[in-house]
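Next come the chains, spelled out residue by residue.
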Amino acid sequence: EREIFRRDKGFCVYCGKDLLQDMEVFLCQSIDHFLPVSKGGGKDADNLKLCCRNCQNYKGTKYAEDVVATIALINDGRMQWQKEFESLKDELRGR
């Protein structure tokens, strides 16, 4: 598991989340079977990928290709909401 974490540099391979940003996020990281075992994927290092818990839960036993675009859309939406949140917070706090 440590080797996979190092290979993927501590980032979720699906959404790009930095899994070293804080201890809570780090503890929720997961190792995913890129090609699910139920669909013929093996347990070799090439098929194992580092991911965050949200992406792991969303992906489940789906093919990675089927979820990457959806995760990208979710993250784009999340980034827009983050900008809105920061703007509103600044406005309400008089910054």
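Residues numbered from 1 in each chain as written. Predicted model: local features only at pLDDT ≥ 70, side-chain atom pairs only at ≥ 80, totals over all residues. Heavy atoms only, no water.

A. View of the environment of phenylalanine 5. Within the element layout of this structure, phenylalanine 5 appears in helix H1 (residues 2-7). Judged by relative accessible area, phenylalanine 5 falls into the buried class, the value being 14%. It is 6.1 Å that separates the C-alpha atoms of phenylalanine 5 and leucine 50, two residues lying 45 residues apart in sequence. When sequence neighbours within four positions are dropped, the list of residues in contact with phenylalanine 5 reads Gly10, Leu19, Leu20, Phe26, Gln29 and Leu50. (Helix = DSSP H or I, 4+ residues; strand = E, 2+ residues; numbered from the N terminus. Buried < 20%, exposed > 50% of the residue type's maximum accessible area, 1.4 Å probe, protein only. Contact = heavy atoms within 4.5 Å.)

B. Quick peek at the pattern of salt bridges. For the structure shown, the criterion picks out two salt bridges. Of the charged contacts, one joins arginine 7 and aspartate 8 as a salt bridge, the two residues approaching to 3.0 Å between their closest N and O atoms. Measuring nitrogen to oxygen at the nearest pair gives 3.1 Å for the salt bridge that ties lysine 59 to aspartate 32. Placement of lysine 59 in helix H3 (residues 53-59) and of aspartate 32 in strand S1 (residues 30-33) is noted, with a sequence separation of 27 residues between them. (Salt bridge = Lys/Arg side-chain N within 4 Å of Asp/Glu carboxyl O.)

C. The pairing of strand S2 (residues 48-51), seen in detail. Taking every second residue as pointing to the same face, both faces of S2 are buried, with Leu48 and Leu50 on one and Lys49 and Cys51 on the other. When S1 meets S2, the two strands line up antiparallel, connected through four bridges. The residue of S2 that forms the bridge with aspartate 32 is lysine 49. (Pairing = 2+ DSSP bridges.)

D. View of the side chain of serine 30. With respect to the helices and strands, the residue serine 30 is situated in strand S1. Residues contacting serine 30, with those up to four places away along its chain left out, are Lys49, Leu50, Cys51 and Gln56.

E. Broad picture of the packing of aromatic side chains. As enumerated under the stated definition, the model contains two aromatic pairs in all. Plain terms: the ring middles of tyrosine 14 and phenylalanine 34 are 6.3 Å apart, the flat faces sit at 0° to each other, and that makes the pair stacked. In this pair, tyrosine 14 is assigned in the loop between H1 and helix H2 (23-27) and phenylalanine 34 in the loop between S1 and S2, connecting sequence segments 20 residues apart. (Phe/Tyr/Trp six-rings, centres within 6.5 Å; stacked < 30°, edge-to-face > 60°.)

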